[in-house]
Structure formats: structure tokens, C-alpha cells
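Survey of secondary and tertiary structure
The primary structure of each chain is shown beneath.
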Amino acid sequence: MKIICVARNYAAHARELNNDLPQQPVLFLKPDTALKRKNLPFFLPDFSSNIHYETELVFRICKTGKNIEERFAMRYVDQVTVGIDFTARDLQEQQKRLGLPWEIAKAFDGSACIGDWRPLKQLGNTGSLNFHLTLNDRIVQRGTAADMIFPVSRLIAYASRFFLLLEGDLLFTGTPEGVGSVQPNDVLRGYLNEEPVLECRVK
Ligand code: MN
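Cut-off values and rules
- Residues numbered from 1 in each chain as written.
- Predicted model: local features only at pLDDT ≥ 70, side-chain atom pairs only at ≥ 80, totals over all residues.
- Heavy atoms only, no water.
- Core = buried A, V, L, I, M, F, W, Y, C linked by side-chain atoms within 4.5 Å.
- Buried < 20%, exposed > 50% of the residue type's maximum accessible area, 1.4 Å probe, protein only.
- Helix = DSSP H or I, 4+ residues; strand = E, 2+ residues; numbered from the N terminus.
- Pairing = 2+ DSSP bridges.
- Donors = N, O, S within 2.8 Å, 3.2 Å for Na, K, Ca; no water.
- Polar contact = N/O pair within 3.5 Å; in protein donor to acceptor, adjacent residues only side chain to side chain.
- Contact = heavy atoms within 4.5 Å.

**Quick notes on the nonpolar core**
Tyr 53, Leu 57, Phe 59, Ile 84, Phe 86, Ile 156 and Leu 188 are the most contacted members of the largest nonpolar core, which has 44 residues in total. Only strand E1 (3-7), strand E3 (51-53), strand E4 (55-61), strand E5 (77-85), strand E9 (130-135), helix H4 (152-162), strand E13 (187-192) and strand E14 (195-201) provide two or more residues apiece to this core.

As C-alpha cells, then:
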């Protein structure tokens, strides 16, 4: 299983990190070992002093696909949830400054947190999905798929040109504005269309 992630897919978030808007999707990968086990807290790693939450819609790939056409792309995902792309922002800034890859800042153990799956069939139009994150019961991020620069179908089509998609792969689709740091004992909760689907404790 692999985890395909998209950076800078919401204009307001690209601006908050002083990035230009992309002409093509910006992709990066996390290994399967990045997936946080469901009943474990998120453990703050010792190599960073600034871990950020990034709340994202996450889609599950349901069949093998290569060079998928955009108009057929939604046939390749069957479930959706809310996830957190935990990011060592200090390391990422350092790597960006040096022109080096991001993996140590983005793909470390436990850095991919996902909630409970919901069947896409039950949720209607993917473009109208909305989500939010609370940090200690205060809303810190809100997003809607309608605000994505590249819609999910485009992301699937584009990613499948480079990476063979397999059943069980995950697609993190980018975060809206409002990212921020987490501290020990924080509690993060993710909501999909106002329904709670994710809880993550920070240790
Ligand atoms: Mn992200």
C-alpha cells in the first residue's frame, strides 16, 4: 500500500505558506509505515519542534489503474474520510530552502492519520464534500472539495500516469488554510459533512 499526497491544492493555503499556485498537481508519497495505527496516539517525534496538522479529504483506491482518463477516474475510488497529513514544518522549511526532498518532514512514522471510511455512493457529489478539524474543541480548519485547485478526478488521472494505482492505496488531496502546531495532550477531531469520523490524541 502506498500513500499519494498532494501539496498546494487550495489557493489560500498555498498563499499562507508563501508558495506560488501550481500549474500541475504537486505530488509526494508516504510509505505504508507512515500510516498511524488507529488506536494509538500521535507521538510527537524528537527531530522536530514544530509539527503541524494538515486536514485533508482522503480517498481510497478500489482497483488497479494506469493512465486513467479523467472522465473515468471516479470509478477508481470507493470510500472517503478525513485525514491528517502531519508535517514537521521546521524540517520542511529547511529542506525547501536547501532544494532537498521533503520525505523526512512528511513521510515519517505515524505522519498519516485517517478516520473512519464512508462510502462515496452515500455522499453524493464529491465536489460538495466538506470537512473541518477541531483542536481541543475549537474549529481550526474548514474546507470543501469545491475549493480544490485540481479536483479529485484530475488528481487520480495525473497520479496514475506516474504511479500504478492499486486497491488499498490512499490519496490525500491537500489541505485548506489554517494549518498550525500541535502540543502534547492536544485532541484533534475531524468531521466529514459535519459528522465526526476521526479522533487523534497527541502525546
Ligand atoms: Mn498536506
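What follows continues from the structure just given.
**Some remarks on the sheet that holds strand E12 (residues 180-181)**
Taking strand neighbours across the sheet as the criterion, the 3 strands line up as E6-E3-E12 in an open arrangement whose pairing is antiparallel. Both outer strands of the open sheet, strand E6 (87-88) and E12, are each paired with one neighbouring strand and no more.

**A few points about the coordination of the manganese ion**
Protein ligation of the manganese ion involves Glu 54 (OE), Glu 56 (OE) and Asp 85 (OD), the donor distances falling in the range 2.0 to 2.2 Å. For the manganese ion, all donor residues lie on one chain, and their spacing in sequence is E-x1-E-x28-D. Among the residues examined, Glu 54 registers a relative accessible area of 4% and is labelled buried. On the basis of relative accessibility, which here comes to 0%, the residue Glu 56 falls in the buried class.

**Focus: the environment of Arg 71**
Structurally, the position occupied by Arg 71 is in the loop between E4 and E5. Here Arg 71 falls in the exposed class, since its relative accessible area comes to 64%. Along the sequence, Arg 71 and Leu 164 sit 93 residues apart, while their C-alpha atoms lie 18 Å from each other. A polar side-chain atom of Arg 71 sits 2.8 Å from a polar atom in the side chain of Glu 69.

**Notes on the environment of Glu 103**
Relative to the assigned elements, Glu 103 resides in helix H3 (residues 103-106). Each C-alpha atom of the pair Glu 103 and Leu 29 lies 7.9 Å from the other, and the pair is 74 residues apart in sequence.

**What to know about the side chain of Thr 173**
Inspection of the secondary structure puts Thr 173 in the loop between strand E11 (170-172) and E12. The exposure class of Thr 173 is buried, given its relative accessible area of 0%. From its side chain, Thr 173 meets the backbone oxygen of Leu 57 in a polar contact 2.7 Å long. For Thr 173, the residues in contact, after removing those within four places along its chain, are Val 6, Asn 9, Tyr 10, Glu 56, Leu 57, Phe 59, Met 148, Val 152 and Leu 155.

**Focus: H4**
Here H4 lies mainly inside the structure; 8 of its 11 residues are buried. In this structure, the buried side of H4 is in contact with E1, strand E2 (26-30), E4, E5 and E11.

**A word on the pairing of E9**
Within a regular beta strand, the side chains point alternately toward one face of the sheet and then the other, so they alternate between its two faces. By the criterion of burial, E9 is predominantly enclosed, with 5 of the 6 residues buried. Direction of pairing for E9 relative to strand E10 (residues 138-144): antiparallel, over a ladder of 6 bridges. Across the sheet, the residue bridging to Leu 133 is Gln 141, located in E10. What sits between the antiparallel neighbours E9 and E10 is a turn of 2 residues, in which Asn 136 has the positive phi angle 50°. Pairing geometry for E9 and E13, over 5 bridges, is antiparallel. Bridge pairing in E13 links Phe 131 to Leu 192.

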